[in-house]
Amino acid sequence: MTTDDLTTIHVDQFFAHRPAKVWRALTDPELLAQWQMPGSEDFRLEVGHDYVMRSVPRPNTNFSGTVHVRVLAFEVERMLSVRWLDPDPANFAEWTITWTLEHEGRGTRLFLVHEGFDPDDPAQLMARKIMDGGWRSHVMGALERVLTEL
């Protein structure tokens, strides 16, 4: 990844947990609800399944606080891809989030690719900046806490 790719966020995180355990944290609705937005408990590992997550609206990024999620694809213990859609016409955004797991030593290398940002939209660029930091600090930390407690 180059730093001038404004359409995508890439995160590469190692967890000292086996892929099966990381996969469970990514796909078990009870565990998802502990580290993702409220509404994650409605997740089902089924292509085409839709559910809704809610968070705090962020007017500076044109985020309404509502995310409609659809499961796009998965390979058990290897990859999960979902679409995030903010359906508010004034705040419309559509992103693809793909998690890829790779066994590494006694743990798992987890790759996150969050794509679909519009580099010509200042609000989307602000959203990208905020989400990039959030994925790296808040989300990966919360996921690590869930994994440690399993």
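For clarity, every value in this text was computed on a predicted model and none was experimentally measured. (Residues numbered from 1 in each chain as written. Predicted model: local features only at pLDDT ≥ 70, side-chain atom pairs only at ≥ 80, totals over all residues. Heavy atoms only, no water.)

Asker: Any details on the packing of aromatic side chains? Residues and values, ideally.
Answerer: Any aromatic ring pair is given by two values, namely how distant the centres are and how the planes are angled relative to each other. Scanning the entire structure with this criterion turns up five aromatic pairs. Between the aromatic rings of Trp 99 and Trp 135, the centroid separation amounts to 5.5 Å while the plane-to-plane angle is 85°, which identifies the pairing as edge-to-face. With Trp 99 in strand S5 (residues 93–104) and Trp 135 in helix H3 (residues 122–149), the pair connects residues that are 36 residues apart, well separated along the chain. A relative accessible area of 4% means that Trp 135 is categorised as buried. (Phe/Tyr/Trp six-rings, centres within 6.5 Å; stacked < 30°, edge-to-face > 60°. Helix = DSSP H or I, 4+ residues; strand = E, 2+ residues; numbered from the N terminus. Buried < 20%, exposed > 50% of the residue type's maximum accessible area, 1.4 Å probe, protein only.)

Asker: Provide a residue-level description of the nonpolar core, including the pertinent values.
Answerer: Membership of the largest hydrophobic core comes to 38 residues, with the highest contact counts inside it found for Trp 35, Trp 84, Trp 99, Leu 110 and Trp 135. Ignoring any residue separated from it by four or fewer positions in sequence, one finds Trp 135 in contact with Ile 9, Val 11, Trp 84, Ile 97, Trp 99, Leu 112, His 114 and Met 140. (Core = buried A, V, L, I, M, F, W, Y, C linked by side-chain atoms within 4.5 Å. Contact = heavy atoms within 4.5 Å.)

Asker: How would you summarise the sheet that holds strand S3 (residues 66–75) if you had to cite specific residues and measurements?
Answerer: Within a sheet, each strand pairs with its neighbour through backbone hydrogen bonds, oriented either parallel or antiparallel. Overall, antiparallel pairing links the six strands, which are arranged S1-S6-S5-S4-S3-S2 in an open sheet. Of all the strands in the sheet, the pair left with one neighbour each is strand S1 (8–15) and strand S2 (50–54). For this sheet, the mean angle separating the axes of adjacent strands, direction not counted, is 25°. Here helix H1 (residues 19–27) sits on the sheet and contacts S1, S3, strand S4 (79–86), S5 and strand S6 (107–115); the angle it forms with S5, its principal contact strand, is near 160°. (Pairing = 2+ DSSP bridges. Axes fitted to C-alpha atoms, helices over the stretch in contact; angles between N-to-C directions.)

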